Amino acid sequence: MIEIRNLTKNYGSFEALKSVNISISKGTVFGFVGPNGAGKSTTMSILATLLLPTSGTATVGGFEVTEQPHEVRKRIGYMPDFFGVYDQFKTTEYLHFYGASYGIPRPEREKLIPQLLELVNLSDKQDTYVDSLSRGMKQRLCLARCLVHDPDVLILDEPASGLDPRARIEMREILKELKLMGKTIIISSHILPELAEMVDEIGVIEHGEMVAQGKVADIQNRLRVKRVLHIRVMERGDELAEMMRDELHVTQVLSDSTGVHVHFSGGDVEQVQLLNKIIGTGYGVVSFHEAQTNLEDVFLEITKGGAADELA
Ligand SMILES: Nc1ncnc2c1ncn2[C@@H]1O[C@H](COP(=O)(O)OP(=O)(O)OP(=O)(O)O)[C@@H](O)[C@H]1O
């Protein structure tokens, strides 16, 4: 649904994008992550036909953004990281305005707009002036605006930025619904653990270059992000910690009141062998589990030494 090939963008002599390649298939939710200034907004603006690339191509639904921008615009809903709202409108009027801009006839809009307001949880605000909505509500209204022409593709540039935790959860729930509706979504964010819950794939960009791309689990495996095993035994925890220090694939052992925490470089097979050995040695194992690595760990691993510390 989205194909970006060798995309470059120069601002004067500054290379903001250096031969970026991204491929996103239909129905995929693609998390686009990277530190401040990495090139996310630039890429998304080009996809949204609002910025011309210096070279390379980008297609949406088979239409090239510079050659057939009108066809692309019909198929995308774009939410910029910074947006202006028309404060003198009521929410319903605001959506009518955008619906009319897309040529949707009034009777159709009359049916559509209450549905959109319901989707973004603003039904009770239909007669409220945009001006008096909270930031989270304005952001949800902006999302409803992106959906007014029922686009196949959503390009969302940090839709949850500046929202409080509750508003972020609301936004995430709406995005889950959009995924169920079959939309292809590219979403950028700094809130990486939250993104991890809803994305199918991630692309990591740094200094205008893609540094990793694919399914979160595949990237984790490729990077061999170390597993951390949490082991709790009935008794002799300190002895177990000592035993673990001599084990193959164990790179670090920590022991505290909650159990023994083992950094483990082996795979599934070695993990099973380790558990069997612990049980075979006579320990009463209360629990043995692998701590989940999240998207943030993956991201920091990939961009280690780069600008990742700029992340909020
Ligand atoms: N109009 C412009 N003129 C000159 N430089 C620009 C312009 N727009 C962006 N840049 C630069 O291009 C680089 C990429 O910016 P971009 O906004 O795409 O990054 P980003 O990943 O979206 O960052 P953020 O997470 O902070 O929004 C940055 O170094 C930025 O300063």
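Residues numbered from 1 in each chain as written. Predicted model: local features only at pLDDT ≥ 70, side-chain atom pairs only at ≥ 80, totals over all residues.

Engineer: How should I be thinking about the overall build of the protein chain in this particular structure?
Structural biologist: Looking only at helices and strands, the protein chain features 11 helices and 14 strands. For the protein chain, long-range pairs separated by at least 24 residues make up 67% of all intrachain contacts whose partners lie at least 6 apart in sequence. (Helix = DSSP H or I, 4+ residues; strand = E, 2+ residues; numbered from the N terminus. Contact = placed C-beta atoms within 7 Å.)

Engineer: Would you take a moment to explain the domain arrangement of the protein chain for this structure?
Structural biologist: When the parts come together, some accessible area is lost, and that loss is often what is quoted as the size of the interface. Per the domain assignment, the segments making up the protein chain are domain 1 (2-221) and domain 2 (226-292). Distance between the C-alpha centres of domain 1 and domain 2: 44 Å. (Domains from an automatic or database assignment.)

Engineer: In this structure, what is going on with the packing of helix H3 (residues 91-101) against helix H4 (residues 106-119)? I would like to understand it.
Structural biologist: Contact geometry of H3 with H4 gives a least axis separation of 10 Å together with a crossing angle of 125°. Taken together, the axis directions place H3 and H4 in an arrangement best described as oblique. H3 and H4 meet at a crossing whose hand is right-handed. Residues Thr91, Thr92, Leu95, His96 and Gly99 of H3 lie in contact with H4, whose contacting residues are Arg109, Leu112, Ile113, Leu116 and Leu117. (Axes fitted to C-alpha atoms, helices over the stretch in contact; angles between N-to-C directions. Parallel < 35°, antiparallel > 145°, perpendicular 65-115°, else oblique. Left-handed = near helix turned anticlockwise from the far one by under 90°.)

Engineer: Where do I start with the packing of H3 against helix H5 (residues 135-146) in this structure?
Structural biologist: Each pair of packed helices gets described by two things: the angle between the helix axes and the distance between those axes. Running from amino to carboxyl end, H3 crosses H5 at an angle of 30°, the nearest separation of the two axes being 9 Å. Taken together, the axes of H3 and H5 lie roughly parallel to each other. Relative to H5, the crossing made by H3 is right-handed. Packed against H3, whose contacting residues are Thr91, Tyr94, Leu95 and Tyr98, the element H5 presents Leu141, Ala144 and Arg145 at the interface. Among the residues making up the contact of H3 with H5, the classes are represented as 5 nonpolar, 1 polar and 1 charged. (Nonpolar A, V, L, I, M, F, W, Y, C, P; charged D, E, K, R; others polar.)

Engineer: What's the story with the site of the ligand in this structure? I'm lost.
Structural biologist: Every residue close to the ligand is listed here: Tyr11, Phe14, Ala16, Gly34, Asn36, Gly37, Ala38, Gly39, Lys40, Ser41, Thr42 and Asp81. At the level of elements, strand E2 (14-24) and helix H1 (40-47) are the ones that each hand at least two residues to the shell around the ligand. For the shell around the ligand, the leading source of residues is H1, giving 3 residues. (Near = placed C-beta within 6 Å.)

Engineer: It is not clear to me how the sheet that holds strand E14 (residues 285-291) should be interpreted in this structure. Could you clarify?
Structural biologist: Strand pairing in a sheet is mediated by backbone hydrogen bonds. Such pairs are either parallel or antiparallel. If you trace the 4 strands from one edge of the open sheet to the other, you get E12-E13-E11-E14, paired in antiparallel fashion. Looking at strand neighbours, the two that pair on one side only are strand E12 (250-256) and E14, the edges of this open sheet. With direction set aside, neighbouring strand axes in the sheet form an average angle of 20°. Where E12 lies against strand E13 (residues 259-264), 6 bridges are found, and the strand directions are antiparallel. Across the sheet, the residue bridging to Asp256 is Gly259, located in E13. Against the sheet, helix H9 (residues 237-245) engages strand E11 (227-233), E12 and E13, with an angle of about 170° to E12. (Pairing = 2+ DSSP bridges.)

Engineer: Would you explain the pairing of E13 in this entry?
Structural biologist: Along any regular strand, the residues point their side chains to alternate faces of the sheet. As paired strands, E11 and E13 are joined by 5 bridges and run antiparallel to one another. Directly across from Val228, in E13, lies its bridge partner His263. Here E12 hands over to E13 after 2 residues, the two strands then running antiparallel side by side.

Engineer: Would you mind going over the environment of Ser45 with me for this structure?
Structural biologist: Inspection of the secondary structure puts Ser45 in helix H1. Along the chain, Ser45 and Met79 lie 34 residues apart, while their C-alpha atoms are 9.8 Å from each other. Once you skip the residues sitting within four places of it in the chain, Ser45 turns out to touch Leu50 and Leu51.

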